[in-house]
Every structure is written in structure tokens, then in C-alpha cells.
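Survey of secondary and tertiary structure
Next come the chains, spelled out residue by residue.
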Amino acid sequence: MEKVILAIIFALLTGCSVNNTPSEEVQSINEIKNEVVNMNSDLESNLNLAPTIKLNNGIEMPVLGIGTYSLHDDICVDSIYTAIQNGYRKIDTAYMYGNEEEVGKAVRKAIADGLIKREDIFVATKLYPNQYDNPKDAIEEALKKLDIEYIDLMLLHHPGDNDDKAYKAMEEYVASGKIKSLGLSNYYIKEIDDFLPKISIKPVLVQNEIHPYYQESDVVKHIQELDIVVEGWYPLGGRGHQTELLNDETLLKIAQNHNKSVAQVILRWDYQNGVIVIPGSSNPEHIKENISIFDFELTEDEMKQIEELNRDEKHDWY
Ligand code: NAD
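Rules used in this analysis
Residues numbered from 1 in each chain as written. Predicted model: local features only at pLDDT ≥ 70, side-chain atom pairs only at ≥ 80, totals over all residues. Heavy atoms only, no water. Helix = DSSP H or I, 4+ residues; strand = E, 2+ residues; numbered from the N terminus. Buried < 20%, exposed > 50% of the residue type's maximum accessible area, 1.4 Å probe, protein only. Contact = heavy atoms within 4.5 Å. Areas by Shrake-Rupley, 256 points an atom, 1.4 Å probe, with all protein chains shown as cover. Near = heavy atom within 4 Å. Polar contact = N/O pair within 3.5 Å; in protein donor to acceptor, adjacent residues only side chain to side chain. Nonpolar A, V, L, I, M, F, W, Y, C, P; charged D, E, K, R; others polar. Salt bridge = Lys/Arg side-chain N within 4 Å of Asp/Glu carboxyl O. Pairing = 2+ DSSP bridges. Axes fitted to C-alpha atoms, helices over the stretch in contact; angles between N-to-C directions. Arc of directions from axis to C-beta. pLDDT = per-residue confidence, 0-100. Core = buried A, V, L, I, M, F, W, Y, C linked by side-chain atoms within 4.5 Å.

In terms of regular secondary structure, the chain is built from twelve helices and eleven strands. Per-residue burial for the chain yields a buried fraction of 54% across its 318 residues. Put simply, 74% of the contacts in the chain that link residues at least 6 apart link residues at least 24 apart. Summed over all atoms, the accessible surface of the chain reaches about 14100 Å², with 49% contributed by carbon and sulfur.

Time to look at the site of the ligand. Taken together, 28 residues surround the ligand, and among them D92, S185, Q207, L236 and N290 come closest. Take D92: an N or O atom from its side chain is 2.6 Å from an oxygen atom of the ligand. L236 places a main-chain nitrogen or oxygen 2.8 Å from an oxygen atom of the ligand. For the ligand, whose accessible area on its own is 830 Å², the fraction buried by protein is 92%. When contributions to the shell around the ligand are tallied by element, the ones reaching two or more residues are α8 (242–246) and α11 (284–291). The element that contributes the greatest number of residues to the shell around the ligand is α11, accounting for three residues. Class assignment for the residues of the shell around the ligand results in eleven nonpolar, 13 polar and four charged.

Let us look at the pattern of salt bridges. Throughout the structure, instances matching the rule amount to 14 salt bridges. Taking the shortest distance from any N to any O, the salt bridge between D113 and K109 comes out at 3.4 Å. For D113, a relative accessible area of 44% translates into the label partly exposed. Judged by its relative accessible area of 38%, K109 is partly exposed. Put simply, E244, R311 and E313 are held in one network by salt bridges that share partners.

For the rest of this paragraph, the subject is the sheet that holds strand β5 (residues 90–92). As summarised here, the arrangement of the eight strands in space is β4-β5-β6-β7-β8-β9-β10-β11, forming an open sheet in which the pairing is parallel. Because the sheet does not close on itself, it has two edges, and the strands there are β4 (66–67) and β11 (275–277). Bridge analysis of β5 against strand β6 (residues 122–127) gives three bridges, and the strand direction is parallel. Bridge pairing in β6 places D92 opposite A124. In the packing of helix α5 (residues 163–175) onto the sheet, contacts are made with β6, β7 (151–156) and β8 (179–185), and the angle to β8 comes to roughly 160 degrees.

Turning next to the environment of D161. Mapping D161 onto the fold places it in the loop between β7 and α5. Accessibility expressed as a relative area gives 70% for D161, which makes it exposed. A sequence separation of 32 residues divides D161 from P129, and the C-alpha atoms of the two residues are 7.3 Å apart.

By secondary structure assignment, the location of E231 is in strand β10 (residues 229–233). On the basis of relative accessible area, E231 is assigned to the buried category, the value being 0%. In terms of polar contacts, E231 uses its side chain to reach the side chain of K90, at 2.5 Å.

A word on helix α7 (residues 217–225). Along α7, the residues classified as buried are V219, V220 and I223. Buried positions in α7, seen along its axis, are confined to an arc of 100 degrees and lie on one side of it. Opposite the buried face of α7, by more than 90 degrees, sit the exposed residues D218, K221 and E225. As for α7, its buried residues are in contact with α6 (189–195), β9 (205–209), β10 and β11. Where α7 ends, the next residue or the one after it, D227, has phi of about 65 degrees, a positive value.

Mean pLDDT over the chain works out to 89, with 85% of the residues at or above the 70 mark. Note on residues 1–45: pLDDT is under 50 here. Beyond four places in sequence and across chains, it has 81 contacts.

A few words now on the nonpolar core. For soluble globular proteins, nonpolar side chains are generally found buried alongside one another. By size, the foremost hydrophobic cluster in this structure holds 88 residues, and its most contacted members are L127, I139, L156 and M170. Here this core takes seven residues from helix α10 (residues 262–272), the largest share from any one element. When near neighbours in sequence (up to four residues on either side) are disregarded, I139 contacts L127, M154, A169, M170, Y173 and I179.

Here we take up the environment of H315. Mapped onto the elements of the fold, H315 is located in the segment after α12 (300–307). For H315, a relative accessible area of 9% translates into the label buried. The contact partners of H315, leaving out residues within four places of it in the chain, are E209, H211, Y213, Y234, G237 and H241. Side-chain polar atoms of H315 contact the backbone oxygen of G237, separated by 2.8 Å.

Structure (C-alpha cells):
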């Protein structure tokens with residue numbers, strides 16, 4: 001109640017909508033709820049909260065989060081804290097990134113400082129194939145390192161030996177409430193179709209490489225038709241590749257049309273395609289920029305122009 005009153009006072013003072021509702025409906029992602037469900041006590045961050053999408057298990061997840069690959073130590077903690085201050089409510093980490101402890105530390109700090117409550121933030125991590133043999137220990141290790149009561153989403157990082165065994169162990173943790181949702185990463189059409197019959201709880205999300213030069217439209221369509229959300233890694237082309245992508249002539253022109261950056265145009269293109277994004281950055285300006293994509297809309301023609309940039313050019317080996 002107190003939060004609602006504060007939010008109304010804030011809206012009256014600033015003229016902002018309490019719901020932070022984007023002005024347009026995006027047809028291809030009609031399941032994305034254009035309203036913010038997570039009101040919290042940090043009034044400033046309400047300006048930039050991402051909309052949420054309802055997963056196939058009924059849980060709401062923000063459509064945009066921060067990726068943490070290659071972020072470590074204080075830089076990792078500070079980047080996540082900055083992201084939370086700027087309205088991010090989703091974080092993507094993994095055992096393989098070696099930074100689950102830092103992610104947990106940043107989340108606990110944000111909770112202690114009153115920026116968020118635990119239920120306001122959505123934390124995803126991943127088991128690596130070398131953990132699939134002994135999945136319960138691996139899950140316990142992730143819970144311990146994160147130390148945030150429960151994990152919102154756990155993914156298998158890659159297909160591999162015993163991936164079904166690992167997934168079934170994760171299913172047991174869903175039953176006990178220690179993990180809320182399950183997903184997969186780097187599973188394409190054949191891998192997904194082979195895997196689904198082996199398990200009981202449908203994945204809510206598949207995380208794969210997706211950017212304008214590697215669009216995987218048939219894979220995206222296949223996954224979305226299964227009522228599974230698609231999330232794109234390397235949305236900006238990935239480290240070492242973003243210079244070319246962020247200087248692409250077509251994207252630069254579209255960015256100029258909207259007075260936005262190329263990064264924002266790419267992230268918006270994903271959003272309008274119903275693809276969740278987790279751009280990585282430790283730069284506070286970029287962190288802020290990357291979530292400021294809910295106040296403009298790409299035209300059908302611009303979406304088509306970006307579609308035509310596809311080169312089936314993968315920027316990593318898996
Ligand atoms: P990315 O495509 O998000 O690019 C990140 C690079 O772009 C960084 O160098 C960053 O400094 C720069 N950048 C970020 N915002 C910018 C902006 N607004 N303008 C200019 N430059 C900007 O690549 P990423 O971070 O490696 O990938 C995103 C996330 O996806 C990772 O952090 C990780 O969480 C996840 N991921 C998952 C897998 C997987 O196998 N599941 C693989 C790779 C990455």
C-alpha cells in the first residue's frame with residue numbers, strides 16, 4: 001500500500017505513468033505484458049523498468065536483463081548494482097563465468113539498500129556439461145555461491161552427455177522450490193526435439209546466439225511455436241565483433257531515424273521479434289542506454305531491412 005501511494009505521488013510530481021506502459025502494442029509478441037508488475041521502493045528506477053513476459057509456467061520475467069560473461073570481482077558487483085539502479089530486474093550468469101558469488105553479492109547489496117526485494121529480481125544461472133555427471137552437487141554449489149534463497153531460472157549451458165540426468169535433477173529442485181524455472185542453452189531444432197520427450201517439465205526458455213548477422217529465424221520460430229521463450233546471447237555481436245555490427249550502415253541509418261544508438265535499435269529489433277536480450281556491459285552509460293528501448297518503435301520496413309542483414313554468420317563455435 002505504502003509503495004502504491006509513493007508511486008502515485010511520484011507520478012503526480014513527474015507526470016509519468018505509474019504503469020510505465022510502452023505506447024505501442026507489438027503484434028508478434030502479444031504475450032508480452034505491456035505493464036510493469038514489479039513496483040518497488042526505488043522510485044527513480046521505475047522510469048526504466050522493462051516490460052515482463054509470462055513464461056509457460058505462469059511466472060513473469062523481464063524481457064531485458066544484463067549479461068555477466070567476463071565480468072568479475074568488484075567490476076561485476078558494481079555493474080550489476082548499477083544495472084539494478086537503472087531498472088534492470090534480470091541477471092544472466094553461469095557456473096562457467098565464475099562470477100555467481102559476485103552476482104549474489106550485488107543482489108544482496110541491492111536488497112539491503114532497499115532498491116529491490118528478492119521477489120523483484122530474476123536471476124538465471126547455468127550448469128556446465130562437466131557438471132552433468134553430478135548435478136545435485138552442482139545445483140547445491142550454485143545455490144550456495146549465489147546465496148539468494150532460490151534460483152529463478154537454471155539452464156543447461158550446452159547439450160552433452162547426461163544432460164537429461166542433469167535436467168531431471170533440476171526438476172527435483174523445482175519441486176522443492178529452490179529453482180523456479182528451467183531452460184536450455186545452445187539447443188537448436190534437432191537437439192530440442194530430441195530432448196523434450198526425455199523430460200517432464202517443459203523448459204520456459206532457450207538461450208541461443210542471435211544478432212542481426214546470425215538471426216536463426218527458423219530456430220526462433222520453432223522454439224516460439226513450442227510456447228518456449230527465445231533469448232539471444234551476443235545480441236550486440238559479442239566481444240570482438242560489435243565494432244562491425246555497431247557501425248553497420250543500415251543500422252546507423254535506422255538509428256538516426258529514431259535518434260537512438262545502433263545498440264538500442266538492435267535490442268529493440270529483438271524485442272519486436274519477441275526475443276529476450278541480455279546485453280553485457282560494465283559501462284554505466286551503456287547499461288543505461290541498453291534498457292532505454294521501450295519508448296520507440298521500429299517500422300515494418302525497418303524490421304525488414306534488419307532481417308535482410310542476416311549472413312548466417314556465427315560469432316562463436318557452439
Ligand atoms: P554482447 O553482444 O552483449 O556484447 C557485449 C559487448 O558490447 C561488450 O564489449 C560491451 O562493452 C559492448 N557494449 C554493450 N553495450 C553497448 C552499447 N550500448 N554500445 C556499445 N557497446 C556496447 O556480448 P556478451 O556480453 O558476450 O553476451 C551477452 C550475454 O549473453 C553474456 O554476458 C552472457 O550472459 C550471455 N552469453 C551466453 C552464452 C551461452 O552460451 N549461453 C554465450 C555468450 C554469452
